[in-house]
Amino acid sequence: MTEILVRLATVDDTAGLASLLRSIGWFGRISEEPPEKTVEKVTAALALALAGDSHAIWVAEGADGRVLAYAAAHWLPYLFLPGPEGYLSELFVREEARGQGVGSRLLEAVKAEAKRRGCSRLQLVNFRQRESYQRGFYAKAGWEERPDGASFVLYL
Ligand SMILES: CC(C)(COP(=O)(O)OP(=O)(O)OC[C@H]1O[C@@H](n2cnc3c(N)ncnc32)[C@H](O)[C@@H]1OP(=O)(O)O)[C@@H](O)C(=O)NCCC(=O)NCCS
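Below or above, wherever it landed, is the structure these notes cover. (Residues numbered from 1 in each chain as written. Predicted model: local features only at pLDDT ≥ 70, side-chain atom pairs only at ≥ 80, totals over all residues.)

### Describing the site of the ligand
Taken together, 18 residues lie around the ligand, and R98, G99, G103, S104 and S132 are the ones closest in. Looking at the shell around the ligand, the elements with two or more residues in it are β4 (85–93), α4 (102–116), α5 (131–134) and α6 (137–140). Counted by class, the shell around the ligand contains five nonpolar, eight polar and five charged residues. (Near = placed C-beta within 6 Å. Helix = DSSP H or I, 4+ residues; strand = E, 2+ residues; numbered from the N terminus. Nonpolar A, V, L, I, M, F, W, Y, C, P; charged D, E, K, R; others polar.)

Shown next as structure tokens:
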């Protein structure tokens, strides 16, 4: 594997993150909008994420400085847990960089930070039709699927 640096994102990663997101091709709205619009939205989201201590975004950077992947996590105080919950909301690796340990490195970074913060657990949603689910990406990393839980969403 080529040399990969995993580090926290900064505003300088805006263009790299927007380009990565557009390359994933899963999101109709993003594919249809002009690239400047994606940059604008990533700029706004990054500003929110970097403003406080409740969010963290990591990037995996290739030897040439290109953003190859990112992960976003959010730290949620829970009254009934002994420590906060970390919610992993996004983890994307550029197609050409998959299967080389980059996603696993990011997952480890999230886990290490969650432990450092005294989190009780990490949580995420992984759709069963995704390759990541079918290849057991999270299960291999020790995550447990909770068969008794239903995932709800209210679109606004
Ligand atoms: C799923 C994903 C994050 C895994 O990151 P990765 O860098 O490709 O994975 P790693 O190289 O660290 O490999 C770890 C495991 O991931 C799985 N994996 C490897 N390549 C994969 C691929 N192209 N797609 C899905 N899962 C893959 C395998 O189970 C692998 O374990 P193995 O080596 O024992 O077979 C990445 O492939 C990706 O971004 N896929 C598209 C977006 C996505 O599914 N995001 C997560 C759910 S929202």
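### A short note on helix α3 (residues 35–51)
Helix length check: α3, at 17 residues, gives a terminal C-alpha distance of 24 Å against a target of 24 Å (1.5 Å per residue), a fit within 8%. Residues of α3 that are buried make contact with α1 (14–24) and α2 (28–32). (Expected span 1.5 Å × (residues − 1). Contact = placed C-beta atoms within 7 Å.)

### Some details on the packing of α1 against α3
At a minimum axis separation of 9 Å, α1 and α3 run at an interaxial angle of 120 degrees. The angle between α1 and α3 falls in the class oblique. Crossing hand, α1 versus α3: right-handed. Each of T14, A15, L17, A18, L21 and R22 in α1 lies in contact with α3, whose residues at this interface are P35, T38, V39, V42, T43 and L46. (Axes fitted to C-alpha atoms, helices over the stretch in contact; angles between N-to-C directions. Parallel < 35°, antiparallel > 145°, perpendicular 65-115°, else oblique. Left-handed = near helix turned anticlockwise from the far one by under 90°.)

That is the geometry; function is a separate question.
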